[in-house]
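Each chain, letter by letter, is given below.
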Amino acid sequence: MTSFLVFIILVLIGIAVWQLTKIFDLTQIGGSSSNDEIANDKDNSVNGYLMFAFVGFIYVFTIYSLYAWGDLVLGTPASEHGPDYDNLMYISFAIIFFVQTITQFLLHYFAFKYRGKEGQKALYFADNNKLEAVWTIIPVIVLAGLIMYGLYTWNNIMFVDEEDKQDAIIIELYAKQFGWEARYAGDDKTLGKANVRLIEGINTLGVDLADPAAQDDKVVTELHLPVGKKVIFKMRSQDVLHSAYMPHFRAQMNCVPGMITQFSFTPTVTTADMRADEAIMAKVNKINKIRTENSKKIVADGGTALDPYTFDYLLLCNKICGASHYNMQMKIVVDTPAEFKAWLAEKPTLAQQWKEANAPAPVAAPTEAPVAAVDSTKVVAQVIK
(Lines give C-alpha, C1' and ligand atoms only; values in the text may rest on other atoms or scores of the structure.)
Protein backbone atom coordinates (compact mmCIF):
# COMPACT_ATOMS: atom_id res chain seq x y z
CA MET A 1 0.00 0.00 0.00
CA THR A 2 2.86 2.37 0.86
CA SER A 3 4.50 1.75 -2.52
CA PHE A 4 1.23 2.52 -4.27
CA LEU A 5 0.88 5.83 -2.39
CA VAL A 6 4.47 6.76 -3.24
CA PHE A 7 3.75 6.01 -6.90
CA ILE A 8 0.61 8.20 -6.82
CA ILE A 9 2.57 11.05 -5.21
CA LEU A 10 5.32 10.84 -7.86
CA VAL A 11 2.69 10.89 -10.62
CA LEU A 12 1.05 13.96 -9.10
CA ILE A 13 4.44 15.70 -8.76
CA GLY A 14 5.14 14.93 -12.41
CA ILE A 15 1.81 16.40 -13.45
CA ALA A 16 2.49 19.51 -11.35
CA VAL A 17 5.93 20.01 -12.95
CA TRP A 18 4.44 19.54 -16.42
CA GLN A 19 1.74 22.13 -15.70
CA LEU A 20 4.32 24.60 -14.37
CA THR A 21 6.33 24.12 -17.55
CA LYS A 22 3.29 24.85 -19.69
CA ILE A 23 2.55 27.98 -17.64
CA PHE A 24 6.13 29.14 -18.10
CA ASP A 25 5.89 28.60 -21.87
CA LEU A 26 2.69 30.64 -21.99
CA THR A 27 4.38 33.54 -20.19
CA GLN A 28 7.06 33.62 -22.88
CA ILE A 29 4.63 34.17 -25.78
CA GLY A 30 5.63 37.27 -27.71
CA GLY A 31 9.10 37.38 -26.18
CA SER A 32 10.68 35.01 -28.69
CA SER A 33 10.29 34.24 -32.36
CA SER A 34 11.25 30.54 -31.98
CA ASN A 35 9.05 28.04 -33.81
CA ASP A 36 10.29 24.98 -31.91
CA GLU A 37 6.75 23.72 -31.23
CA ILE A 38 5.65 23.89 -34.85
CA ALA A 39 6.02 20.52 -36.58
CA ASN A 40 8.44 20.51 -39.50
CA ASP A 41 9.04 17.95 -42.26
CA LYS A 42 11.44 16.00 -40.07
CA ASP A 43 8.88 15.74 -37.26
CA ASN A 44 6.19 14.60 -39.69
CA SER A 45 8.50 11.93 -41.14
CA VAL A 46 9.34 10.63 -37.68
CA ASN A 47 5.64 10.39 -36.83
CA GLY A 48 4.96 8.64 -40.13
CA TYR A 49 7.59 5.98 -39.43
CA LEU A 50 6.28 5.60 -35.88
CA MET A 51 2.85 4.84 -37.36
CA PHE A 52 4.43 2.04 -39.38
CA ALA A 53 6.19 0.79 -36.26
CA PHE A 54 2.91 0.74 -34.37
CA VAL A 55 1.06 -1.27 -37.01
CA GLY A 56 4.00 -3.69 -37.00
CA PHE A 57 3.64 -3.97 -33.25
CA ILE A 58 -0.06 -4.82 -33.68
CA TYR A 59 0.70 -7.65 -36.10
CA VAL A 60 3.61 -9.05 -34.06
CA PHE A 61 1.64 -8.94 -30.81
CA THR A 62 -1.35 -10.64 -32.49
CA ILE A 63 0.86 -13.50 -33.72
CA TYR A 64 2.53 -13.76 -30.31
CA SER A 65 -0.88 -13.87 -28.58
CA LEU A 66 -2.01 -16.77 -30.74
CA TYR A 67 1.23 -18.62 -29.97
CA ALA A 68 1.40 -17.85 -26.24
CA TRP A 69 -2.27 -18.10 -25.29
CA GLY A 70 -3.84 -20.06 -28.11
CA ASP A 71 -4.09 -23.17 -25.93
CA LEU A 72 -6.38 -21.40 -23.46
CA VAL A 73 -9.47 -21.74 -25.67
CA LEU A 74 -12.10 -24.20 -24.45
CA GLY A 75 -11.36 -26.88 -27.02
CA THR A 76 -13.70 -29.79 -27.71
CA PRO A 77 -17.38 -28.80 -27.31
CA ALA A 78 -19.32 -31.17 -25.05
CA SER A 79 -22.81 -30.58 -26.43
CA GLU A 80 -24.64 -31.45 -29.63
CA HIS A 81 -24.96 -27.82 -30.72
CA GLY A 82 -21.38 -26.96 -29.70
CA PRO A 83 -19.76 -27.45 -33.16
CA ASP A 84 -22.31 -25.10 -34.79
CA TYR A 85 -21.67 -22.52 -32.10
CA ASP A 86 -17.90 -22.79 -32.58
CA ASN A 87 -18.20 -22.55 -36.38
CA LEU A 88 -20.11 -19.29 -36.05
CA MET A 89 -17.46 -17.92 -33.71
CA TYR A 90 -14.57 -19.00 -35.96
CA ILE A 91 -16.19 -17.44 -39.04
CA SER A 92 -16.74 -14.18 -37.14
CA PHE A 93 -13.13 -14.18 -35.91
CA ALA A 94 -11.79 -14.87 -39.41
CA ILE A 95 -13.77 -11.97 -40.91
CA ILE A 96 -12.78 -9.60 -38.09
CA PHE A 97 -9.12 -10.61 -38.38
CA PHE A 98 -9.11 -10.17 -42.16
CA VAL A 99 -10.81 -6.76 -42.07
CA GLN A 100 -8.71 -5.56 -39.13
CA THR A 101 -5.47 -6.54 -40.85
CA ILE A 102 -6.31 -4.60 -44.02
CA THR A 103 -7.90 -1.53 -42.43
CA GLN A 104 -5.15 -1.08 -39.84
CA PHE A 105 -2.49 -1.30 -42.55
CA LEU A 106 -4.30 1.23 -44.77
CA LEU A 107 -4.86 3.58 -41.83
CA HIS A 108 -1.18 3.69 -40.89
CA TYR A 109 0.07 3.58 -44.49
CA PHE A 110 -1.96 6.64 -45.52
CA ALA A 111 -0.89 8.44 -42.35
CA PHE A 112 2.69 7.94 -43.55
CA LYS A 113 2.16 8.56 -47.26
CA TYR A 114 0.21 11.79 -46.77
CA ARG A 115 2.26 13.13 -43.88
CA GLY A 116 2.69 16.89 -43.79
CA LYS A 117 5.32 18.49 -46.06
CA GLU A 118 6.16 22.11 -46.46
CA GLY A 119 4.24 23.65 -49.35
CA GLN A 120 2.01 20.57 -49.81
CA LYS A 121 -1.74 21.04 -49.61
CA ALA A 122 -4.25 18.30 -48.91
CA LEU A 123 -6.80 17.47 -51.61
CA TYR A 124 -10.27 17.73 -50.07
CA PHE A 125 -13.26 15.67 -51.24
CA ALA A 126 -16.66 16.89 -50.11
CA ASP A 127 -18.00 13.42 -50.90
CA ASN A 128 -17.32 10.40 -53.09
CA ASN A 129 -20.37 8.34 -53.94
CA LYS A 130 -18.39 5.33 -55.17
CA LEU A 131 -16.30 5.07 -52.01
CA GLU A 132 -19.37 5.58 -49.85
CA ALA A 133 -21.17 2.79 -51.72
CA VAL A 134 -18.21 0.40 -51.40
CA TRP A 135 -17.68 0.77 -47.65
CA THR A 136 -21.42 0.72 -46.99
CA ILE A 137 -22.62 -2.14 -49.19
CA ILE A 138 -19.81 -4.60 -48.36
CA PRO A 139 -20.26 -4.39 -44.56
CA VAL A 140 -24.05 -4.61 -45.00
CA ILE A 141 -23.73 -7.84 -46.99
CA VAL A 142 -21.21 -9.37 -44.57
CA LEU A 143 -23.16 -8.41 -41.47
CA ALA A 144 -26.45 -9.58 -42.99
CA GLY A 145 -24.87 -12.96 -43.73
CA LEU A 146 -23.52 -13.24 -40.17
CA ILE A 147 -26.85 -12.22 -38.65
CA MET A 148 -28.81 -14.71 -40.76
CA TYR A 149 -26.37 -17.52 -39.96
CA GLY A 150 -26.48 -16.52 -36.29
CA LEU A 151 -30.29 -16.58 -36.21
CA TYR A 152 -30.32 -19.96 -37.96
CA THR A 153 -27.84 -21.36 -35.40
CA TRP A 154 -29.72 -19.80 -32.47
CA ASN A 155 -33.07 -21.20 -33.63
CA ASN A 156 -31.57 -24.67 -34.00
CA ILE A 157 -30.16 -24.45 -30.47
CA MET A 158 -33.30 -23.09 -28.83
CA PHE A 159 -35.98 -25.05 -30.69
CA VAL A 160 -37.35 -28.05 -28.77
CA ASP A 161 -40.08 -30.05 -30.47
CA GLU A 162 -42.78 -32.03 -28.71
CA GLU A 163 -41.02 -35.35 -29.26
CA ASP A 164 -37.89 -34.02 -27.56
CA LYS A 165 -39.95 -32.72 -24.64
CA GLN A 166 -41.48 -36.16 -24.06
CA ASP A 167 -38.09 -37.84 -23.88
CA ALA A 168 -36.10 -35.00 -22.26
CA ILE A 169 -34.94 -34.61 -18.68
CA ILE A 170 -36.39 -31.53 -16.99
CA ILE A 171 -34.10 -29.74 -14.53
CA GLU A 172 -34.56 -26.46 -12.70
CA LEU A 173 -31.44 -24.38 -12.03
CA TYR A 174 -32.00 -22.13 -9.04
CA ALA A 175 -29.61 -19.20 -8.56
CA LYS A 176 -29.11 -17.20 -5.40
CA GLN A 177 -26.34 -15.22 -3.75
CA PHE A 178 -24.02 -17.03 -3.85
CA GLY A 179 -24.71 -20.58 -4.98
CA TRP A 180 -26.68 -22.94 -7.18
CA GLU A 181 -29.20 -25.69 -6.55
CA ALA A 182 -30.80 -28.04 -9.06
CA ARG A 183 -34.23 -29.68 -9.00
CA TYR A 184 -35.04 -32.74 -11.10
CA ALA A 185 -38.57 -33.38 -12.28
CA GLY A 186 -39.75 -36.91 -11.63
CA ASP A 187 -41.41 -39.40 -13.96
CA ASP A 188 -44.27 -36.97 -14.58
CA LYS A 189 -41.81 -34.67 -16.45
CA THR A 190 -43.30 -31.72 -14.55
CA LEU A 191 -41.68 -29.53 -11.94
CA GLY A 192 -43.88 -28.66 -8.98
CA LYS A 193 -44.92 -25.06 -8.46
CA ALA A 194 -42.61 -22.85 -6.44
CA ASN A 195 -42.67 -19.46 -4.75
CA VAL A 196 -40.01 -17.64 -2.76
CA ARG A 197 -42.60 -17.05 -0.01
CA LEU A 198 -42.60 -20.81 0.64
CA ILE A 199 -38.86 -20.98 1.41
CA GLU A 200 -38.55 -22.59 4.82
CA GLY A 201 -36.05 -24.96 6.41
CA ILE A 202 -34.79 -27.53 3.94
CA ASN A 203 -37.23 -26.27 1.31
CA THR A 204 -34.67 -23.74 0.08
CA LEU A 205 -36.25 -23.47 -3.38
CA GLY A 206 -39.72 -22.57 -2.11
CA VAL A 207 -41.35 -25.62 -3.71
CA ASP A 208 -45.11 -25.94 -3.10
CA LEU A 209 -45.16 -29.34 -1.44
CA ALA A 210 -48.96 -29.42 -1.66
CA ASP A 211 -48.69 -29.57 -5.46
CA PRO A 212 -49.04 -33.19 -6.70
CA ALA A 213 -46.41 -32.52 -9.38
CA ALA A 214 -43.85 -31.68 -6.68
CA GLN A 215 -44.07 -35.02 -4.87
CA ASP A 216 -41.40 -36.69 -7.01
CA ASP A 217 -39.07 -33.66 -7.42
CA LYS A 218 -35.49 -34.13 -6.20
CA VAL A 219 -33.20 -31.28 -5.09
CA VAL A 220 -29.41 -31.64 -5.33
CA THR A 221 -26.29 -29.49 -5.04
CA GLU A 222 -24.28 -31.40 -7.68
CA LEU A 223 -25.59 -31.57 -11.22
CA HIS A 224 -25.48 -34.91 -13.07
CA LEU A 225 -26.45 -35.27 -16.74
CA PRO A 226 -26.73 -38.39 -18.92
CA VAL A 227 -24.72 -38.37 -22.13
CA GLY A 228 -26.76 -38.40 -25.35
CA LYS A 229 -29.98 -37.29 -23.61
CA LYS A 230 -31.77 -33.97 -24.22
CA VAL A 231 -31.85 -31.82 -21.07
CA ILE A 232 -34.26 -28.89 -20.70
CA PHE A 233 -33.23 -26.36 -18.05
CA LYS A 234 -35.76 -24.10 -16.37
CA MET A 235 -33.92 -21.24 -14.66
CA ARG A 236 -34.96 -19.04 -11.73
CA SER A 237 -33.27 -16.46 -9.52
CA GLN A 238 -34.08 -15.79 -5.89
CA ASP A 239 -32.56 -12.32 -5.58
CA VAL A 240 -30.61 -10.54 -8.34
CA LEU A 241 -29.79 -11.10 -11.99
CA HIS A 242 -27.55 -14.15 -12.43
CA SER A 243 -26.40 -15.96 -15.56
CA ALA A 244 -26.16 -19.74 -15.85
CA TYR A 245 -22.94 -20.29 -17.80
CA MET A 246 -21.72 -23.77 -18.79
CA PRO A 247 -18.73 -22.96 -21.02
CA HIS A 248 -17.80 -26.45 -22.21
CA PHE A 249 -21.41 -27.03 -23.29
CA ARG A 250 -21.51 -23.63 -25.08
CA ALA A 251 -24.56 -22.75 -23.01
CA GLN A 252 -25.54 -19.55 -21.24
CA MET A 253 -28.86 -18.06 -20.15
CA ASN A 254 -29.76 -15.28 -17.74
CA CYS A 255 -31.60 -16.15 -14.52
CA VAL A 256 -34.05 -13.30 -13.93
CA PRO A 257 -35.91 -12.68 -10.66
CA GLY A 258 -39.64 -13.08 -11.12
CA MET A 259 -39.57 -15.10 -14.32
CA ILE A 260 -38.47 -18.48 -15.72
CA THR A 261 -35.97 -18.68 -18.57
CA GLN A 262 -35.12 -21.81 -20.55
CA PHE A 263 -32.17 -23.40 -22.31
CA SER A 264 -31.66 -26.94 -23.56
CA PHE A 265 -28.84 -29.05 -24.95
CA THR A 266 -27.72 -32.63 -25.35
CA PRO A 267 -24.39 -33.60 -23.66
CA THR A 268 -22.13 -35.56 -25.98
CA VAL A 269 -18.93 -36.16 -23.96
CA THR A 270 -18.86 -37.79 -20.53
CA THR A 271 -16.67 -36.35 -17.78
CA ALA A 272 -14.41 -39.41 -17.99
CA ASP A 273 -13.96 -39.03 -21.76
CA MET A 274 -13.29 -35.29 -21.49
CA ARG A 275 -10.62 -35.93 -18.87
CA ALA A 276 -8.93 -38.22 -21.40
CA ASP A 277 -8.99 -35.51 -24.10
CA GLU A 278 -5.43 -34.56 -25.09
CA ALA A 279 -6.04 -30.81 -24.92
CA ILE A 280 -7.67 -31.08 -21.50
CA MET A 281 -4.86 -33.30 -20.24
CA ALA A 282 -2.31 -30.72 -21.40
CA LYS A 283 -4.20 -27.95 -19.56
CA VAL A 284 -4.46 -30.04 -16.40
CA ASN A 285 -0.72 -30.77 -16.49
CA LYS A 286 0.04 -27.07 -17.00
CA ILE A 287 -2.18 -26.07 -14.07
CA ASN A 288 -0.66 -28.72 -11.80
CA LYS A 289 2.86 -27.53 -12.63
CA ILE A 290 1.86 -24.03 -11.56
CA ARG A 291 0.25 -25.42 -8.39
CA THR A 292 3.37 -27.42 -7.58
CA GLU A 293 5.54 -24.31 -7.82
CA ASN A 294 3.10 -22.28 -5.74
CA SER A 295 2.85 -25.06 -3.16
CA LYS A 296 6.59 -24.90 -2.53
CA LYS A 297 6.28 -21.29 -1.40
CA ILE A 298 3.13 -22.01 0.63
CA VAL A 299 4.75 -24.95 2.42
CA ALA A 300 7.89 -22.88 3.08
CA ASP A 301 5.65 -20.32 4.78
CA GLY A 302 4.12 -23.02 6.96
CA GLY A 303 0.93 -23.59 4.94
CA THR A 304 -0.63 -26.66 3.34
CA ALA A 305 0.24 -27.63 -0.22
CA LEU A 306 -2.42 -27.14 -2.88
CA ASP A 307 -4.38 -30.20 -3.97
CA PRO A 308 -3.77 -31.43 -7.53
CA TYR A 309 -6.29 -30.09 -10.03
CA THR A 310 -8.74 -32.48 -11.69
CA PHE A 311 -10.92 -31.42 -14.60
CA ASP A 312 -14.64 -31.06 -13.99
CA TYR A 313 -17.44 -29.42 -15.93
CA LEU A 314 -18.73 -26.40 -14.06
CA LEU A 315 -21.87 -24.30 -13.86
CA LEU A 316 -20.75 -20.70 -13.30
CA CYS A 317 -22.44 -17.35 -12.85
CA ASN A 318 -21.49 -14.99 -15.68
CA LYS A 319 -22.98 -11.87 -14.10
CA ILE A 320 -21.21 -9.84 -11.43
CA CYS A 321 -23.87 -10.50 -8.80
CA GLY A 322 -22.13 -9.42 -5.62
CA ALA A 323 -19.06 -9.69 -3.41
CA SER A 324 -18.80 -13.51 -3.60
CA HIS A 325 -19.68 -13.81 -7.28
CA TYR A 326 -16.40 -15.64 -7.94
CA ASN A 327 -17.49 -18.47 -5.63
CA MET A 328 -20.77 -19.11 -7.40
CA GLN A 329 -20.20 -22.43 -9.15
CA MET A 330 -21.55 -25.97 -9.14
CA LYS A 331 -19.91 -29.16 -10.33
CA ILE A 332 -21.43 -30.89 -13.36
CA VAL A 333 -20.89 -34.59 -14.00
CA VAL A 334 -21.82 -36.15 -17.34
CA ASP A 335 -22.46 -39.86 -16.78
CA THR A 336 -23.43 -42.77 -18.93
CA PRO A 337 -27.22 -43.33 -18.90
CA ALA A 338 -26.85 -46.30 -16.51
CA GLU A 339 -24.65 -44.34 -14.11
CA PHE A 340 -27.03 -41.39 -14.17
CA LYS A 341 -30.05 -43.59 -13.49
CA ALA A 342 -28.32 -45.24 -10.53
CA TRP A 343 -27.20 -41.87 -9.12
CA LEU A 344 -30.64 -40.29 -9.39
CA ALA A 345 -32.36 -43.35 -7.88
CA GLU A 346 -30.31 -42.93 -4.70
CA LYS A 347 -31.49 -39.35 -4.15
CA PRO A 348 -34.55 -38.87 -1.92
CA THR A 349 -37.40 -36.68 -3.07
CA LEU A 350 -37.84 -33.27 -1.50
CA ALA A 351 -41.21 -34.42 -0.11
CA GLN A 352 -39.48 -37.30 1.70
CA GLN A 353 -36.80 -35.01 3.09
CA TRP A 354 -39.41 -32.54 4.28
CA LYS A 355 -41.47 -35.29 5.93
CA GLU A 356 -38.43 -36.65 7.76
CA ALA A 357 -37.22 -33.20 8.82
CA ASN A 358 -40.63 -32.23 10.18
CA ALA A 359 -41.71 -35.55 11.67
CA PRO A 360 -42.82 -35.18 15.32
CA ALA A 361 -40.23 -36.25 17.82
CA PRO A 362 -40.99 -39.69 19.31
CA VAL A 363 -42.64 -39.52 22.73
CA ALA A 364 -40.51 -41.18 25.41
CA ALA A 365 -42.26 -43.97 27.36
CA PRO A 366 -42.91 -43.02 31.02
CA THR A 367 -40.55 -44.67 33.45
CA GLU A 368 -42.00 -46.27 36.64
CA ALA A 369 -40.52 -45.43 40.04
CA PRO A 370 -38.33 -48.27 41.33
CA VAL A 371 -40.00 -50.55 43.89
CA ALA A 372 -38.01 -51.12 47.04
CA ALA A 373 -37.01 -54.73 47.59
CA VAL A 374 -38.59 -56.57 50.51
CA ASP A 375 -36.57 -58.86 52.77
CA SER A 376 -38.84 -61.83 53.31
CA THR A 377 -36.63 -63.24 56.06
CA LYS A 378 -37.76 -60.55 58.45
CA VAL A 379 -41.02 -60.80 60.43
CA VAL A 380 -43.18 -57.75 60.33
CA ALA A 381 -44.70 -57.08 63.75
CA GLN A 382 -48.29 -56.02 63.92
CA VAL A 383 -49.88 -54.58 67.03
CA ILE A 384 -53.38 -55.94 67.67
CA LYS A 385 -55.60 -53.98 69.98
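Residues numbered from 1 in each chain as written. Predicted model: local features only at pLDDT ≥ 70, side-chain atom pairs only at ≥ 80, totals over all residues. Heavy atoms only, no water.

As a further point, take the packing of helix H2 (residues 41–69) against helix H3 (residues 82–113). Packing of H2 against H3 leaves a shortest axis separation of 7 Å and a crossing angle of 165°. Relative to H3, the element H2 lies roughly antiparallel. Taken as a pair, H2 and H3 cross one another with a handedness that is left-handed. Contacts from Gly48, Tyr49, Met51, Phe52, Phe54, Val55, Ile58, Tyr59 and Thr62 in H2 reach Phe97, Gln100, Thr101, Gln104, Phe105, His108, Tyr109, Ala111 and Phe112 in H3. For the contact of H2 with H3, the class distribution of residues is 12 nonpolar, six polar and no charged. (Axes fitted to C-alpha atoms, helices over the stretch in contact; angles between N-to-C directions. Helix = DSSP H or I, 4+ residues; strand = E, 2+ residues; numbered from the N terminus. Parallel < 35°, antiparallel > 145°, perpendicular 65-115°, else oblique. Left-handed = near helix turned anticlockwise from the far one by under 90°. Contact = heavy atoms within 4.5 Å. Nonpolar A, V, L, I, M, F, W, Y, C, P; charged D, E, K, R; others polar.)

As a further point, take H3. The end-to-end C-alpha distance of H3, which contains 32 residues, comes to 46 Å, matching closely the 46 Å that a straight helix rising 1.5 Å per residue would cover. Every buried residue belonging to H3 is among Gly82, Asp86, Leu88, Ser92, His108 and Phe112, and all of these are buried. Contact partners of the buried residues in H3: H2 and helix H4 (129–158). (Expected span 1.5 Å × (residues − 1). Buried < 20%, exposed > 50% of the residue type's maximum accessible area, 1.4 Å probe, protein only.)

Taken in spatial order, the five strands make up an open sheet running S4-S10-S9-S6-S7, and their pairing is mixed. The open sheet has two edge strands with one neighbour each: strand S4 (223–226) and strand S7 (251–255). When the angles between neighbouring strand axes are averaged without regard to direction, this sheet yields 25°. Relative to S7, strand S6 (residues 242–246) runs antiparallel, the two sharing five bridges. Within S7, the residue paired with Met246 across the bridge is Ala251. (Pairing = 2+ DSSP bridges.)

Take Thr349: it is sitting in the loop between helix H8 (337–346) and helix H9 (350–357). Classification of Thr349 by relative accessible area gives buried; the value is 11%. Once you skip the residues sitting within four places of it in the chain, Thr349 turns out to touch Gln215, Asp216, Asp217 and Lys218.

A few words on the confidence of the model for the protein chain. With 91% of its residues at a pLDDT of 70 or more, the protein chain shows a mean pLDDT of 87. Of the regions scoring below 50 in pLDDT, residues 379–385 engages in zero contacts with residues more than four places distant in sequence or in other chains. (pLDDT = per-residue confidence, 0-100.)

Evaluated as defined, the whole model comprises 18 aromatic pairs. On the basis of an interplanar angle of 10° and a centroid distance of 5.9 Å, the ring pair of Phe105 and Tyr109 is categorised as stacked. Residue Phe105 and its partner Tyr109 are located together in helix H3, separated by four residues, close to a single helical turn. Overall, Phe105 belongs to the partly exposed group, its relative accessible area being 38%. Ring pairing ties together the aromatic residues Tyr49, Phe52, Phe105, Tyr109, Phe110, Phe112 and Tyr114, which thus form one cluster. (Phe/Tyr/Trp six-rings, centres within 6.5 Å; stacked < 30°, edge-to-face > 60°.)

Moving on: the environment of Ala39. Residue position: Ala39 is located in the loop between helix H1 (2–27) and H2. The exposure class of Ala39 is partly exposed, given its relative accessible area of 49%. Measuring from C-alpha to C-alpha, the distance between Ala39 and Gly116 comes to 8.7 Å, with 77 residues separating the pair along the chain.

Turning next to the nonpolar core. Ranked by size, the top nonpolar core spans 39 residues in total, and within it Ile171, Leu173, Leu223 and Phe233 carry the most contacts. The biggest single contributor to this core is strand S1 (residues 169–176), with four residues. With near-sequence residues (within four places) excluded, Leu223 lies in contact with Ile171, Leu173, Ala182, Tyr184, Phe233, Met330, Lys331, Ile332 and Val333. (Core = buried A, V, L, I, M, F, W, Y, C linked by side-chain atoms within 4.5 Å.)

Mapping Ala185 onto the fold places it in the loop between strand S2 (179–184) and strand S3 (218–220). With a relative accessible area of 14%, Ala185 lands in the buried category. Expressed as a C-alpha distance, the spacing of Ala185 and Lys218, which sit 33 residues apart in the sequence, is 6.9 Å. Not counting chain neighbours up to four residues away, the residues in contact with Ala185 comprise Ile170, Thr190, Leu191 and Asp217.

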